[in-house]
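# Breakdown of the fold
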Amino acid sequence: MLKVVNLTKKFEKTQALDRVNLDINKGDRIVIIGPSGCGKSTLLRCINGLETPTSGQIIYNGKNIEKRDKNKFRQKVGMVFQSYNLFNHLTVKENITLAPVKLKLLTEEQALQKANELLKSIKLLPKINEYPQNLSGGEKQRIAIVRSLMLSPDILLFDEPTSALDPEMINEVLELMTKIAKKGMTMVVVSHEMTFAESFATRVIFMDEGKIIEMGSPDQIFNHPKGERLQMFLNKIKS
Amino acid sequence: MDNLYRTIIYDQRYLLILDGLKNTLIITIGATILGVIIGLIIALIKNNYKENKKYKFLNILANLYVTVIRGTPALLQLMIIYYIIFKTSTINILFIGILAFGINSGAYVSEIFRTGIESIDKGQMEAGKSLGLSYSQIMRYIILPQAIKNAMPALGNEFVTLIKETSVAGYIGIRDLTKAGDIIASRTYDYFLPLIITAIIYLTLTLGITKLLKKFERRNNNA
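Scope of this entry: the structure provided in the associated data block. Keep in mind that what you see is a predicted model, and the values were worked out from it rather than measured.

Reading the values: rules and limits
Residues numbered from 1 in each chain as written. Chains lettered and ligands numbered in written order. Predicted model: local features only at pLDDT ≥ 70, side-chain atom pairs only at ≥ 80, totals over all residues. Heavy atoms only, no water. Helix = DSSP H or I, 4+ residues; strand = E, 2+ residues; numbered from the N terminus. Buried < 20%, exposed > 50% of the residue type's maximum accessible area, 1.4 Å probe, protein only. Contact = heavy atoms within 4.5 Å. Areas by Shrake-Rupley, 256 points an atom, 1.4 Å probe, with all protein chains shown as cover. Pairing = 2+ DSSP bridges. Axes fitted to C-alpha atoms, helices over the stretch in contact; angles between N-to-C directions. Polar contact = N/O pair within 3.5 Å; in protein donor to acceptor, adjacent residues only side chain to side chain. Buried area = accessible area lost by both parts, 1.4 Å probe. Salt bridge = Lys/Arg side-chain N within 4 Å of Asp/Glu carboxyl O. Expected span 1.5 Å × (residues − 1). Arc of directions from axis to C-beta. Left-handed = near helix turned anticlockwise from the far one by under 90°. Parallel < 35°, antiparallel > 145°, perpendicular 65-115°, else oblique. Nonpolar A, V, L, I, M, F, W, Y, C, P; charged D, E, K, R; others polar.

On a plain count of helices and strands, chain B comes out with nine helices and zero strands. Projected onto its principal axes, the C-alpha coordinates of chain B cover approximately 75 × 45 × 25 Å. Per-residue burial over chain B gives 44% buried out of 223 residues. A separation of at least 24 residues holds for 75% of the contacts in chain B among residues at least 6 apart in sequence. Accessible area for chain B stands at about 12100 Å²; split by element, carbon and sulfur atoms hold 65% of it.

In structure tokens form, the structure reads like this:
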């Protein structure tokens, strides 16, 4: 479905990504782990074009994504951010219906109906007319996920979706992600939640210094790590 | 008492003051509207260049405009527009005033908008992009509504500043409030009262409007 080919990203001094190759297939649930600064967030941001790669390609359904179809491509690849990034001046309803209506994917009524259904399914329908400032972190993140779902994307990218949350709110977000996964959504998640990764992922990727070091099933990565770097990383987060 | 009578009542001189006040307000309001339009366009050109590297030439022009306007006196700009650009035309002099002060104000307003836009967390732009919205849609529906709200207090200050700045309009023969005071003084041969009265009117205006803006701001913040 989506292929990352030889992706390299250099910032002024640092090499954030170094010839990364990755195949994402339909129904994959990939969790990317690694020490901070290893390039995992940059990889996600390159995939949906928030960063322009220094070299390499993103190939989606056999087509190389060039600048001019970036916006169309992004409708199909949703992104959830660590800091939620809800639109502060808009209500929950406006936040989630803005894009599909303005992009003419849905009419206003259709969008509203879909918003109602989705909000109901996460039990946040009573908050439909609230502004983001009146929501808890967990609520904000769940609304942000719903906002991405409104476009019926093929792939959802999650950039540390629970890192900014208070501990008691982490589960509600992870539960929603699991629920979406059960419906067959293709997901790529950058996360520090190892227990979640173990039960959720179909594939786990360990990155360090801009490279994919190890890739495999959760069992392979967490219980039978091959390389020294992964072993060290796992030991560090266990202790 | 006699002085006060001669300054305000005699020969219906209060009409001069009222007319001056009217002209001052017309120029200020007109220039503010023009300044906001110019300022918004300039700020958008600059932001578009910064975000998308588009319209480099327009960006250079925009920078040149802001640099020249902010680096030269408003009075000089007014004189250049009146004596050079509209030298032979019979265009309404108030219109020239609005144009000159509007062009002047636009440079300052563009900086107000630029700061307003840059004060918006970059996550807002990224969230818009990640939903597949185009740059112009993101600006229109997400960034500008928030940026303009943040810029309102500074825009209010700019309006108050303009009220005072337009006092040099008399230089090209516009009968604004300051000029009215000046005319009355030259007829009564007494500068004290006319100028003090003019000053009090300015002060009332600026204080009143500042207070009004503060009230408006508070209500906005509560919403």
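Here the focus is the sheet that holds strand 8 (residues 186-190) of chain A. Residue and element names in this part refer to chain A. Taken in spatial order, the six strands of this open sheet run 6-7-8-3-9-10, and their pairing is mixed. Only two strands of the sheet have a single neighbouring strand rather than two, namely strand 6 (77-80) and strand 10 (211-216). Across the sheet, the axes of successive neighbouring strands diverge by a mean angle of 20 degrees, strand direction being ignored. Here strand 3 (residues 29-33) runs beside strand 9 (residues 203-208); their pairing, made up of four bridges, is parallel. Each bridged residue has a counterpart across the sheet, and for Ile33 the counterpart in strand 9 is Phe206. Those strands touched by helix 5 (residues 137-149) are strand 6 and strand 7 (155-159), and its axis lies near 170 degrees from that of strand 6. Running over the sheet, helix 9 (residues 228-238) touches strand 3, strand 9 and strand 10 and is turned about 100 degrees from strand 9.

Further remarks concern the sheet that holds strand 4 (residues 55-60) of chain A. All names here are of chain A. One open sheet holds the four strands; their spatial order is 2-1-4-5, and the pairing between them is antiparallel. Single-partner strands in this sheet number two, and they are strand 2 (15-24) and strand 5 (63-64). With five bridges connecting them, strand 1 (residues 2-10) and strand 4 associate as antiparallel partners. Among the inter-strand pairings, Lys3 is bridged to a residue of strand 4, identified as Ile59.

Glancing now at the environment of Asp28(A). Residue and element names in this part refer to chain A. Its location among the elements puts Asp28 in the loop between strand 2 and strand 3. In this structure the C-alpha to C-alpha distance between Asp28 and Met232, which are 204 residues apart in sequence, comes to 27 Å. Apart from residues no more than four positions distant in its own chain, Asp28 is found in contact with Asp23, Met185, Thr186, Met187, Thr202 and Arg203. Polar contacts involving the side chain of Asp28 include one to the side chain of Arg203, which spans 2.6 Å.

Every contact between the two is made by 22 residues of chain A and, on the other side, 17 residues of chain B. Here chain A meets chain B over a buried area of about 1700 Å², counting both sides, of which 59% is carbon and sulfur. It is Phe87(A), His89(A) and Lys102(A) that lose the most area in chain A upon contact with chain B, and together they represent 30% of the buried surface on that side. Here chain A is connected to chain B by one salt bridge. Between Glu126(B) and Arg45(A) there is a salt bridge whose closest N-O contact spans 2.5 Å. One can count six residue pairs in polar contact (both at pLDDT 80 or more) joining chain A with chain B. At the level of secondary structure, the elements contributing two or more residues to the side of chain A that touches chain B comprise helix 2 (70-76), strand 6, helix 3 (92-102) and helix 5 of chain A.

Here the focus is helix 4 (residues 108-121) of chain A. All names here are of chain A. Its 14 residues give helix 4 an end-to-end C-alpha distance of 20 Å, which sits within 8% of 20 Å, the value for a rise of 1.5 Å per residue. Residues Ala111, Ala115, Leu118 and Leu119 constitute the buried set of helix 4. End-on, the buried residues of helix 4 take up no more than an arc of 95 degrees, which puts them together on one face. The exposed residues of helix 4 that point more than 90 degrees off its buried face are Glu109, Gln113 and Lys120. Those residues of helix 4 that are buried are in contact with helix 3 and helix 5. At the exit of helix 4 stands Lys123, carrying a positive phi of roughly 60 degrees.

Quick look at helix 4 (residues 74-85) of chain B now. Residues and elements named next belong to chain B. The terminal C-alpha atoms of helix 4 lie 15 Å apart, and with twelve residues this matches the ideal 16 Å at 1.5 Å per residue to within 8%. Residues of helix 4 that are buried include every one of Ala74, Gln77, Leu78 and Ile81, and no others. End-on view of helix 4: buried residues confined to an arc of 100 degrees, all on one side of the axis. Packing partners of the buried residues in helix 4 comprise helix 3 (56-71), helix 5 (93-118) and helix 7 (135-165).

With that settled, the discussion passes to the packing of helix 6 (residues 122-130) of chain B against helix 7 of chain B. All names here are of chain B. Where helix 6 contacts helix 7, the axes come no closer than 10 Å and their chain directions differ by 145 degrees. Judged by the twist between their axes, the crossing of helix 6 over helix 7 is right-handed. Of helix 7, the residues touching helix 6 (which contributes Gln124, Met125, Gly128 and Lys129) are Tyr135, Ile138, Met139, Ile142, Ile143 and Gln146.

Bringing the side chain of Ser105(B) into the picture now. Mapped onto the secondary structure, Ser105(B) falls in helix 5. Each residue touching Ser105(B), except ones within four places of it in the same chain, is listed here: Ala31(B), Gly35(B), Glu158(B) and Leu162(B).

Before going further, it helps to spend a moment on the environment of Leu162(B). Residues and elements named next belong to chain B. Mapped onto the secondary structure, Leu162 falls in helix 7. Under the relative-accessibility criterion, Leu162 is labelled buried at 1%. Ignoring sequence-local partners within four residues, the contact set of Leu162 consists of Thr28, Ala31, Thr32, Phe101 and Ser105.

Residues and elements named next belong to chain B. Between helix 4 and helix 5, the least distance of the axes is 9 Å, while the angle of their chain directions is 135 degrees. In terms of their interaxial angle, helix 4 and helix 5 are classed as oblique. As helix 4 runs across helix 5, the sense of the crossing is right-handed. Of the residues in helix 5, those touching helix 4 at Ala74, Gln77, Leu78, Ile81 and Tyr82 are Ile93, Ile96, Gly97, Ala100, Phe101, Ile103 and Asn104. Per-class residue counts for the contact of helix 4 with helix 5 are nine nonpolar, three polar and no charged.

These figures capture arrangement, not role.
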